[in-house]
Amino acid sequence: MSKASLPTEPRRWRMYIGGRFTDGSGQTLMTRKSPGHGTPVAQWPAGTAEDAQAAGIAARQAFDRGPWPRLSAGERSTLLFKVADLIEQHADELGLIECLETGKPIAQARGEVRGAVDIWRFAAGAARSMAGETLNNLGDRVLALVLREPIGVVGVITPWNFPFFILAERLPFILAAGCTAVVKPAESTSGTTLRLAELLHEAGLPEGVVNVVSGLGSVVGQALLDSPQVDMISVTGSTATGRKAIAASAGNIKKLGLELGGKNPHIVFADADLDDAADGVAFGMAFNAGQCCVGGSRLVVARSVAEAFVAKLAEKLQRIRVGDPLDESTQVGALFDGAHMDKVLGYIQRGVEGGARVVCGGGRTGSADGFFVQPTLLADVPADAALLRDEIFGPVLAVQPFDSDDEAIALANDTEYGLSASIWTRDLNRAMRTMREVKAGRVWINTTLDNGPETPLGGMKQSGLGREAGLAGIEEYTELKTAHLNLQPRVRWLG
Ligand code: NAD
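Rules used in this analysis
Residues numbered from 1 in each chain as written. Predicted model: local features only at pLDDT ≥ 70, side-chain atom pairs only at ≥ 80, totals over all residues. Heavy atoms only, no water. Buried < 20%, exposed > 50% of the residue type's maximum accessible area, 1.4 Å probe, protein only. Helix = DSSP H or I, 4+ residues; strand = E, 2+ residues; numbered from the N terminus. Pairing = 2+ DSSP bridges. Right-handed = clockwise from strand over helix to strand, strands pointing away. Domains from an automatic or database assignment. Buried area = accessible area lost by both parts, 1.4 Å probe. Salt bridge = Lys/Arg side-chain N within 4 Å of Asp/Glu carboxyl O. Polar contact = N/O pair within 3.5 Å; in protein donor to acceptor, adjacent residues only side chain to side chain. Nonpolar A, V, L, I, M, F, W, Y, C, P; charged D, E, K, R; others polar. Core = buried A, V, L, I, M, F, W, Y, C linked by side-chain atoms within 4.5 Å. Contact = heavy atoms within 4.5 Å. 1 Å grid on protein atoms, 1.4 Å probe; cavity = no way out; pocket = protein on both sides within 12 Å on 5 of 7 lines; lining within 4 Å. Points joined across faces, edges and corners; volume = space filled by probe spheres on them.

A. A look at the pairing of strand β19 (residues 420-424). Of all five residues in β19, five are buried, a share of seventy percent or more. Across the two faces of β19 the burial is the same, with Ser420, Ser422 and Trp424 and Ala421 and Ile423 all buried. Note: β19 against strand β20 (residues 442-445), four bridges, orientation parallel. What sits directly across from Ile423, in β20, is Ile445. A crossover connection joins β19 to the parallel β20 through helix α15 (residues 428-437); in handedness this β-α-β unit is right-handed.

This is the structure we're talking about:
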């Protein structure tokens, strides 16, 4: 493994449209500084609406006339395995790019790239399982076939918190289904997506099958939402951006896949292994500096153990190693930019002004060149506080004590979101009952943030629409077509 260090000058990227690397039609470059160091690390073009349109046309032609949707699943699978191998060969490089642009710890970033390789391999294998149905039970006269077809051109809009991993939860499934794509990475963290474009090119993906346009959501993203060339949009981002996708779809009736925000509870019952639970809750709230859509941001804890549990948790939170993302021993790196850090600190400050009590953390830490925030635990939080309602997206956890199982479930569900929940108890029946009652797309029992490419993920309520990963993750990018075949002489309507 090469020793990771800051670059002496920003790495210069180009977009990928119709099989060619290009600066596009604009004149402007966007520069990304490492949020952990303040040093410029990357530059890419600020793509224009015309670039998005050119990419949409390239993807449309590749779908309508190109070889990709017409290959056998086995042939597509072979190419996707090749991509996975290339990602694996460049895992250290990709991990470093991700670390420098997002501020996450280098060891975690490499782990995410390895996780992405696993997802690409799962999707490569699963490509061959995509099948329709035959209905042979409709009587002598009719045989029906249900074909599963790729939906077409998919616009993929991704966020800054897990740029490479989240793309891996979508793009190989899109390709496995036989679709083509235009990818719009977050404007702040586009490097690994642009590097992936180079690897796709090297693997021999036919031109136009994947296009990558960097730039602003309001320009490139919006152009994809509005594009007549695009059949489906997959947005991973805030609920506000999801609403924009829904609004655009009112005009053009695109299919939407939306993976949006969360306000996820950890429910800790009195009978839980409190040491394990404290460790899990600490990990769930602080992983990726709390910038994790499925991370726990509310601690719903039995009142009888609340005080002891909060003390245990605070002790653990203060031991988390927050600091330089390039340091191999760092557990939590920087927040992704200064404005976001100010927003997180503002939530803490307003919470305290409204009566909440800081149990631990509460402010900045580490080098002043980076945007580091202490893991923060807040108790005595008023029921109407924004700390309990809004997705803060930082290492901030708010305590909500409960007196009965019913109250625990009611508190867990008292949110407009429904992305994930973690349940901590030794009582199996209680775990199962709670799991069934909680409205969330992912539930963990005596663990948190586990995942794998076999298991579908997505949100209920305002956390989204549709599912990614698993076999459902391929079906998401397909449509069903039903064909009825008449097998008998026609019984004529007009004789
Ligand atoms: P964001 O909504 O600001 O941006 C996400 C993407 O949408 C970016 O690429 C952005 O450029 C683009 N975008 C913004 N405005 C747009 C517009 N008008 N039209 C089209 N595209 C537009 O979100 P973010 O701040 O990058 O990411 C954090 C959010 O993502 C959090 O809310 C988090 O919960 C959510 N998230 C959800 C999941 C999930 O699986 N549910 C996973 C990761 C992140």
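B. The domain arrangement of the protein, seen in detail. Domain annotation of the protein identifies domain 1 (11-260 + 463-481) and domain 2 (264-445). Once you take the C-alpha centre of each, domain 1 and domain 2 turn out to be 31 Å apart. A buried area of about 2,100 Å², summed over both sides, lies between domain 1 and domain 2, and 57% of it is on carbon and sulfur atoms. It is His37, Trp160 and Ser463 in domain 1 that bury the most area against domain 2; as a group they hold 26% of the surface buried on that side. Between domain 1 and domain 2 we count one salt bridge in total. The tally of links between domain 1 and domain 2 comes to 12 residue pairs in polar contact (both at pLDDT 80 or more). In terms of residue count, the dominant contributor to the side of domain 1 that touches domain 2 is helix α4 (residues 106-126) (five residues). A breakdown of the residues in the side of domain 1 that touches domain 2 according to their chemical character gives 10 nonpolar, 10 polar and five charged.

C. Seen up close, the nonpolar core. With 71 residues, the main nonpolar core has Ile87, Trp120, Leu171, Leu196 and Val210 as its most contacted residues. Looking at which domains feed residues into this core, each of domain 1 (11-260 + 463-481) and domain 2 (264-445) gives three or more. In contact with Val210, not counting residues within four places along its chain, are Tyr16, Leu171, Leu175, Ala181, Val183, Leu200 and Leu205. Grouped together as the second largest cluster of nonpolar side chains are 55 residues, Leu317, Tyr347, Ile392 and Ile423 included.

D. Representation of empty space enclosed by the protein. Summed over the entire model, instances satisfying the criterion amount to three cavities of 30 Å³ or more. If you add up the space inside the largest cavity, you get close to 100 Å³. Contributing to the lining of the largest cavity are 16 residues, with Gly290, Cys292, Gly295, Ser297 and Phe393 lying nearest its centre. When contributions to the lining of the largest cavity are tallied by element, the ones reaching two or more residues are α10 (274-286) and β14 (296-302). In terms of residue class, the lining of the largest cavity is built from six nonpolar, eight polar and two charged. What lines the second largest cavity is a set of 14 residues, and nearest its centre among them are Pro265, Ala412, Tyr417, Ser420 and Lys439. Going through the elements one at a time, β13 (264-268), α14 (405-413), β18 (417-418) and β19 are the ones with two or more residues in the lining of the second largest cavity. Split by residue class, the lining of the second largest cavity holds seven nonpolar, five polar and two charged.

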